[in-house]
Amino acid sequence: MSNPSPPQRDDPAGIFYAAFAYVMWGVMPLYWRLLGTMSAFELTAHRIFWSAIFAAGVAIARGQVGKIVAIMRKPKVLGMLALTGLLITANWTTYIYTIETHQLVEASLGYYINPLVSIALGAVFLGEHLSKLRLVAIALASIAVLVQTFELGHFPFIAIILALSFGFYGYFRKLAPVDALDGFTVEVFVLFPFVAAFIGYLAATGTGVFPKAGAFDDSILILGGPLTAIPLVMFAAGARRIRLSTLGFLQYLCPSIMLLLAILGFGEKFTLIHAWTFGAIWAALLLVAIDGQLSRVRPVKPVVE
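Conventions used here
Residues numbered from 1 in each chain as written. Predicted model: local features only at pLDDT ≥ 70, side-chain atom pairs only at ≥ 80, totals over all residues. Heavy atoms only, no water. Phe/Tyr/Trp six-rings, centres within 6.5 Å; stacked < 30°, edge-to-face > 60°. Helix = DSSP H or I, 4+ residues; strand = E, 2+ residues; numbered from the N terminus. Buried < 20%, exposed > 50% of the residue type's maximum accessible area, 1.4 Å probe, protein only. Salt bridge = Lys/Arg side-chain N within 4 Å of Asp/Glu carboxyl O.

Chemist: Tell me about the packing of aromatic side chains, and name the residues and values.
Modeler: Enumeration over the complete set of coordinates arrives at 16 aromatic pairs. Ring geometry for Tyr-169 against Phe-235: centres 6.0 Å apart, planes inclined by 25°, an arrangement best described as stacked. Remark: Phe-235 occurs in helix α9 (residues 215-239) and Tyr-169 occurs in helix α7 (residues 157-175); sequence separation between them is 66 residues. The burial state of Tyr-169 is the same as that of Phe-235; both residues are buried. In textbook terms, an aromatic cluster arises when at least three aromatic residues are bridged by ring pairs, as seen for Tyr-22, Trp-25, Phe-166, Tyr-169 and Phe-235.

In C-alpha cells form, the structure reads like this:
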C-alpha cells in the first residue's frame, strides 16, 4: 500500500473540519462529568458500543453496507483501522480517567504536547516541509510545554499517553485509504464484539451502571455514540485535507478550551505560568496562521523525481 503524497497547501474545508472537531472535544468534559460515577473502562466501552450502533444506522441509511464489508475484506486496510481503533480506545480511556480523577490540567498538557508529535511525524515520515516561521513556532510551543511540565511537579505520564496515542492515531488515520466516515465505522465495528461482551458481562453480574442507572444516565450513554462519532469523523476528514503540521497546531484549540473549563468551570487556579503558556502557544498559532497566508501566495516548488 503506497503512502499518499502530503498536501502542499491546506484546504480551507479541512481546516474547518479539524477545528470543529477540536472545539467539540474541548467542551466534552462538561458532558462526561454528568456520568461521574462510571469507571473510565466502562464509559469507553459504551462510547464504542453506541458509536458502532450509530455508525451502522448511518451506513444503512447511506446504502454503504457493501462498501464497509469490502473494506473489511482487505487485510492491510483492516489491520490499519484495527490499530487506529486500539489507539483511539487508549486515548479515550485515559482521557475519561483524567476527568474522573480531576486531572484535567494534566490532560490539557497532553493535548498541548500532541501537536508536537503530529508535526514531528509529518516531517519525519511524510516529508512535510517546515518553514522558518513554523520552526520558530515549534520552538516557542515546545518551551511553553516544558514550562507547563515543570509546573506540574512530576513526570506527566498521563499527558504523554494522551499525546502519543492521538498523535499516532492521526498519522495512521491519514494514511488509511478510506474516507472519514467509512474508516470510523470499520474502527468501531472491529471493537464492537469485545465491548459488547464486556458490557454484557457487567450487566449479567450486576456490576455495571447500564441499564439500571436510570433514564437520564442511560440516555446520556446512548447519546454519547453520535457525540463520539461526529467529531472523530470531522477530524479524519480534516486530517486528509491539510498538512499534518497544520493539523498539529489546530490541536491547541482543544487543550486551551479544556484549561479554561478547568479554571472557570471546575475551580482550578489560573497561575502566572498558565498565563505565560497560553500567551506563548497562541503566539505560535499566530505564526502558523501567517505562514499559512504566505503559503497561499508563494509558488509551490515542483517535486523532482
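Now that the structure is up, let's keep going.
Chemist: Please provide a residue-by-residue account of the pattern of salt bridges, values included.
Modeler: Counted under the stated rule, the structure contains four salt bridges. Of the charged contacts in the structure, one is a salt bridge between Lys-67 and Asp-182, with a shortest N-O distance of 2.9 Å. Taken together, the residues span a long stretch of sequence, with Lys-67 in helix α3 (residues 65-72) and Asp-182 in helix α8 (residues 180-205) at a distance of 115 residues. Note on Lys-67: relative accessible area 39%, which makes it partly exposed. For Arg-173, the salt bridge identified is with Glu-187, shortest N-O distance 3.3 Å. Residue Arg-173 is found in helix α7, and its partner Glu-187 is found in helix α8; the two are separated by 14 residues along the sequence. The two residues Arg-173 and Glu-187 agree in class, both being buried. What emerges from the salt-bridge pattern is a single network uniting Arg-62, Lys-67, Asp-179 and Asp-182.

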